[in-house]
Amino acid sequence: MPALRIEGYVIVSADGMLADARNVMPDELKFEGDKAFFTAALDRADLILHGRNSYEDQPNSPRRRRIILTRKVDAIAPDPANSKSTLWNPAGASFEAACHHAGVDAGTVAVIGGPGVFGMFMDRYDEFWLSVAPHVRLPGGEPCFPGVPARSPQNILAAHGLHAGEPQMLDAAHQVTVTPWRRNA
């Protein structure tokens, strides 16, 4: 089977949170430059993968093929609410089987969260795009990865064999950057 390329995408606060204490992405963590970057990346992806609480809520979202992780199915099932969605329980079927059911056997899979979903793929990412809003703090928020805040998101990515590339500025006024973390071949 041709390879699936797995890429992760998240924006985090200075303390490594992707959502506030109510498990909601607050407006303080939303920046136009990051939104444009994220939207373009998802438009290029062949498949979006996320948990039940994650959703990109963009104009093209309904047109994107996706896999939603859930315990509501035994293995793999069509999503009765969205013909472009596949429901997947990792306890009952492999990732590759879920991708096949979704109609994607090769191409780019964009993993967009949440923390448990991100954690499942730590040793499989080809690239992880970590956006950081250094002036935002979300005390008691939802960490981006298992192990945060005891360790930084950067330390966790490095511990899983990913290496930081050159950061790109997404919002100069707020110093929001995105850094590609890549696995060496």
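This text goes with the structure placed above it.
The structure presented is a predicted model; accordingly, all values stated were derived computationally and were not measured.

Draft legend 1. Quick peek at the overall build of the protein chain. Regarding its fold elements, the protein chain presents four helices and 12 strands. The C-alpha radius of gyration of the protein chain comes to 16 Å, within 12% of the 16 Å expected for a compact globule of 185 residues. In terms of overall dimensions, the protein chain has C-alpha extents of about 40 × 35 × 30 Å along its principal axes. Looking at the protein chain residue by residue over its 185 residues, the buried ones come to 50%. Taking the intrachain contacts of the protein chain between residues at least 6 apart in sequence as the baseline, contacts between residues at least 24 apart amount to 60%. As displayed, the protein chain has an accessible area near 9300 Å², and 51% of this comes from carbon and sulfur atoms. On the protein chain, the mean spot of the 18 positive side-chain charges and the mean spot of the 21 negative ones are 3 Å from each other.

Draft legend 2. Spatial organisation of the environment of serine 152. Tracing the chain through its elements places serine 152 in the loop between β9 (142–143) and α4 (153–159). When its relative accessible area of 25% is taken as the criterion, serine 152 is described as partly exposed. Here the alpha-carbon distance between serine 152 and lysine 84, two residues 68 residues apart in the chain, equals 35 Å. At a separation of 3.0 Å, a polar atom in the side chain of serine 152 contacts the main-chain amide nitrogen of asparagine 155.

Draft legend 3. Highlighting the pattern of salt bridges. Evaluated as defined, the whole model comprises seven salt bridges. Of the charged contacts, one joins glutamate 7 and arginine 5 as a salt bridge, the two residues approaching to 2.8 Å between their closest N and O atoms. Assessed through its relative accessible area of 10%, glutamate 7 is described here as buried. Aspartate 43 is the salt-bridge partner of arginine 64, the closest N and O atoms lying 2.6 Å from each other.

Draft legend 4. Geometry of helix α1 (residues 32–44). A rise of 1.5 Å per residue sets the reference length of α1, with its 13 residues, at 18 Å; its end C-alpha atoms lie 18 Å apart and thus fit the reference within 8%. Residues of α1 that are buried include every one of Asp34, Phe37, Phe38, Ala41 and Leu42, and no others. Relative to the axis of α1, the buried residues are bounded by an arc of 125 degrees and lie together on one face. Seen from the open side of α1, the exposed residues pointing more than 90 degrees away from its buried face are Glu32 and Arg44. Those residues of α1 that are buried lie in contact with β1 (4–13), β3 (47–50), β7 (107–111), β8 (127–133), β11 (168–171) and β12 (176–183).

Draft legend 5. Quick look at the nonpolar core. Core analysis: the largest hydrophobic core is formed by 54 residues, its most contacted members being Leu49, Trp88, Phe95, Phe121, Tyr125, Phe128 and Phe145. Here this core gets six residues from one element, more than from any other, and that element is β1. The contact partners of leucine 49, leaving out residues within four places of it in the chain, are Ile67, Leu69, Trp88, Phe95, Val109, Ala110, Val111, Ile112, Gly113, Val117 and Phe121.

Draft legend 6. Structural context of the packing of aromatic side chains. Taken as a whole and assessed by the stated rule, the structure comprises 10 aromatic pairs. Ring geometry for tyrosine 125 versus phenylalanine 128: centroids 5.0 Å apart, planes at 85 degrees, classification edge-to-face. Note on tyrosine 125: relative accessible area 0%, which makes it buried.

Draft legend 7. Expanded view of the pairing of β8. Across the seven residues that make up β8, a large majority, seven, are buried. Neither face of β8 is left uncovered, since the one carrying Glu127, Trp129, Ser131 and Ala133 and the one carrying Phe128, Leu130 and Val132 both have all their residues buried.

So, how was this worked out
- Residues numbered from 1 in each chain as written.
- Predicted model: local features only at pLDDT ≥ 70, side-chain atom pairs only at ≥ 80, totals over all residues.
- Heavy atoms only, no water.
- Helix = DSSP H or I, 4+ residues; strand = E, 2+ residues; numbered from the N terminus.
- Rg over C-alpha atoms; globule rule 2.2 N^0.38 Å.
- Buried < 20%, exposed > 50% of the residue type's maximum accessible area, 1.4 Å probe, protein only.
- Contact = heavy atoms within 4.5 Å.
- Areas by Shrake-Rupley, 256 points an atom, 1.4 Å probe, with all protein chains shown as cover.
- Lys, Arg positive; Asp, Glu negative; His and termini not counted.
- Charge placed at Lys NZ, Arg CZ, Asp CG, Glu CD.
- Polar contact = N/O pair within 3.5 Å; in protein donor to acceptor, adjacent residues only side chain to side chain.
- Salt bridge = Lys/Arg side-chain N within 4 Å of Asp/Glu carboxyl O.
- Expected span 1.5 Å × (residues − 1).
- Arc of directions from axis to C-beta.
- Core = buried A, V, L, I, M, F, W, Y, C linked by side-chain atoms within 4.5 Å.
- Phe/Tyr/Trp six-rings, centres within 6.5 Å; stacked < 30°, edge-to-face > 60°.

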